[in-house]
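The lines below spell out each chain.
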Amino acid sequence: MNDPHKNSVAQLKKVADLLKKDYKDNKKVFEKAINKLKEPDNVYETKLEIKMDDGSKKKFQAYRSQHNNARGPYKGGIRYHENVSESEVKALSTWMTWKCAVTGIPYGGGKGGIIVNPKKLSTTELEKLSRAYSVFLTDKIGPWVDVPAPDVNTTGQIMAWMVDEYQNQLSKKGLIQENPLGTFTGKPLALGGSEGREEATGLGGVMVLEKLVEKMGYKKKKDVKIAIQGFGNVGYWFAKHAFDRGYTVVSVSDSKGGVYVEKGLNPDKVLTCKREKGSVQSCINGGSAISNEDVLELDVDILVPAALENVIHKDNADKVKAKAIIEMANGPVTPEADEILSEKKVTLIPDILANSGGVTVSYFEWAQNLQGYYWSREEVVTKLQPLMEDAFARMWQMKETHIVDGRMATYMTAVKRVVDAMILRGGF
């Protein structure tokens, strides 16, 4: 059985083995720090009981994992899904620690979830459940303690309910000392959300694309052919910003399949058509309809899996023809596929770097809430770019120094930053 937390610990051990020579003068302290990082600082769980629309009462299992706060408050999303488990939230909180460290934002990692299919709840029941979860979290979170956000099946509206309930609970206890809006990110604009948040993940990925293309030695952007599996929020914004900067997007796909246009397509026109007709395959316009599997095997320069996890695996990795992969989805490439792609000399930019634009703009939202001063979209984009570019540069330097692949270089960069912060704090 796949255990996400065991996988995250195995990954950490692998990274530690590569980093330990950097700490040969501080070996024991390094080992203690790594051992501490194998488990979250705190894992909370409870059963939330709410009254359903039919008058019955129902309980829902809920979790919050706080992995490490050496670099700042815990940070991470809340997901509503039937597959939520303690192992999953522990693993995801660990990976959030690394993701925040990669871009240098002052956060640690957290993650929460409720075992529920939100599509089976009415709006009233969804609000009750969200408020109950916020009550459960009230004494465990705060702007300088733990800053939750949306994740799978949660929205800005759900964050609005949660932040309102959090503020209500603090008011009852007479505890409000600073802006409670700074405790949740991913909020609607009207409640302290940030301009640019919707496009941030895709845009951050394109900022990474630009630096990767430089390293790969391309002279003209139009010569770089890109295929994107997934045309949701992340896939669309990646496609749009890549197209706007002059790259040739030859393929996009949604859950029903994809389209391939050799000379390139216009993402905005495809999106308009998809909204009218229901799928991208209805928007061929001089191209051809292909399957989602076909998208992964196209002869392109850059492949961007931007939808589901584990889509590139041991059975299809050898069929990948792209020179580089930018992981915009979470975990789209399995460990077995990693090894095959590495042998094929495919350059891979992992998810914790490639899609970290979202959490970076969440950090901007938090900073704006705390100072009560809000930035324009242009300011947000201007602040995002140097952080993404610096994260890529540090990863590439680690890659060349230690002669490792992109994934391992990214994790080494992140873990080193966290370990260094822990060592500076002392207490070992």
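Everything below is about the structure printed above this text.
The shown structure was predicted, so the numbers you read here are calculated from the model rather than taken from an experiment.

**A word on the state of the cysteines**
Right, so step 1: Inspection of every chain in the model, using the stated rule, returns one disulfide.
Right, so step 2: The partner cysteine of Cys-273 in its disulfide is Cys-283, sulfur to sulfur 2.1 Å. Residues Cys-273 and Cys-283 are joined by a disulfide whose S-S torsion is about -95°; by sign, that bridge is left-handed. A residue pair is termed long-range when its members are at least 10 positions apart, and Cys-273 in helix α8 (residues 267-277) and Cys-283 in the loop between α8 and β9 (288-290) qualify at 10 residues.

**A short note on the pattern of salt bridges**
Right, so step 1: Counted according to the given criterion, the structure contains 28 salt bridges.
Right, so step 2: Residue Lys-111 is joined to Asp-151 by a salt bridge in which the shortest nitrogen-to-oxygen separation is 2.9 Å. On the criterion of sequence distance, the pair formed by Lys-111 in strand β4 (residues 108-114) and Asp-151 in the loop between β5 (146-150) and α5 (156-173) is long-range, its members being 40 residues apart.
Right, so step 3: For Asp-301, the salt bridge identified is with Lys-323, shortest N-O distance 3.1 Å. In this pair, Asp-301 sits in the loop between α9 (292-296) and β10 (302-305) while Lys-323 sits in the loop between β10 and β11 (324-326), placing the two residues 22 residues apart along the sequence.

**What about the sheet that holds strand β2 (residues 57-68)?**
Right, so step 1: Here we have five strands laid out as an open sheet, ordered β1-β2-β4-β3-β5, and mixed in their pairing. Strand pairing shows two members of the sheet lacking a second neighbour, β1 (42-51) and β5, which therefore form its edges. Each neighbouring strand pair of the sheet contributes to a mean axis angle of 20°, computed without reference to strand direction.
Right, so step 2: Across 10 bridges, the pairing between β1 and β2 is antiparallel.

**Some remarks on the packing of helix α1 (residues 4-19) against helix α14 (residues 406-425)**
Right, so step 1: Orientation of α1 relative to α14, taken along the N-to-C sense of each, is 80°, at an axis distance of 10 Å. With respect to α14, the element α1 is oriented roughly perpendicular. The residues of α14 that touch α1, namely those facing Gln-11, Leu-12, Lys-14, Val-15, Leu-18 and Leu-19, are Met-408, Tyr-411, Met-412, Val-415 and Lys-416.
Right, so step 2: Classifying every residue of the contact of α1 with α14 by side-chain character gives eight nonpolar, one polar and two charged.

**Some thoughts on the sheet that holds strand β8 (residues 257-260)**
Right, so step 1: Spatially, the seven strands line up as an open sheet ordered β9-β8-β7-β6-β10-β11-β12, and their pairing is mixed. Bordering the open sheet on either side are β9 and β12 (347-349), each of which pairs with just one other strand. With strand direction ignored, the average angle separating the axes of adjacent strands in the sheet is 20°.
Right, so step 2: Inspection of the sheet shows β8 paired to β9 by three bridges, in the antiparallel sense. By the bridge assignment, Gly-258 is partnered in β9 with Ile-290.

Conventions used here
Residues numbered from 1 in each chain as written. Predicted model: local features only at pLDDT ≥ 70, side-chain atom pairs only at ≥ 80, totals over all residues. Heavy atoms only, no water. Disulfide = S-S within 2.5 Å. Helix = DSSP H or I, 4+ residues; strand = E, 2+ residues; numbered from the N terminus. Salt bridge = Lys/Arg side-chain N within 4 Å of Asp/Glu carboxyl O. Pairing = 2+ DSSP bridges. Axes fitted to C-alpha atoms, helices over the stretch in contact; angles between N-to-C directions. Parallel < 35°, antiparallel > 145°, perpendicular 65-115°, else oblique. Contact = heavy atoms within 4.5 Å. Nonpolar A, V, L, I, M, F, W, Y, C, P; charged D, E, K, R; others polar.

These values are about where atoms sit, not about what they do.
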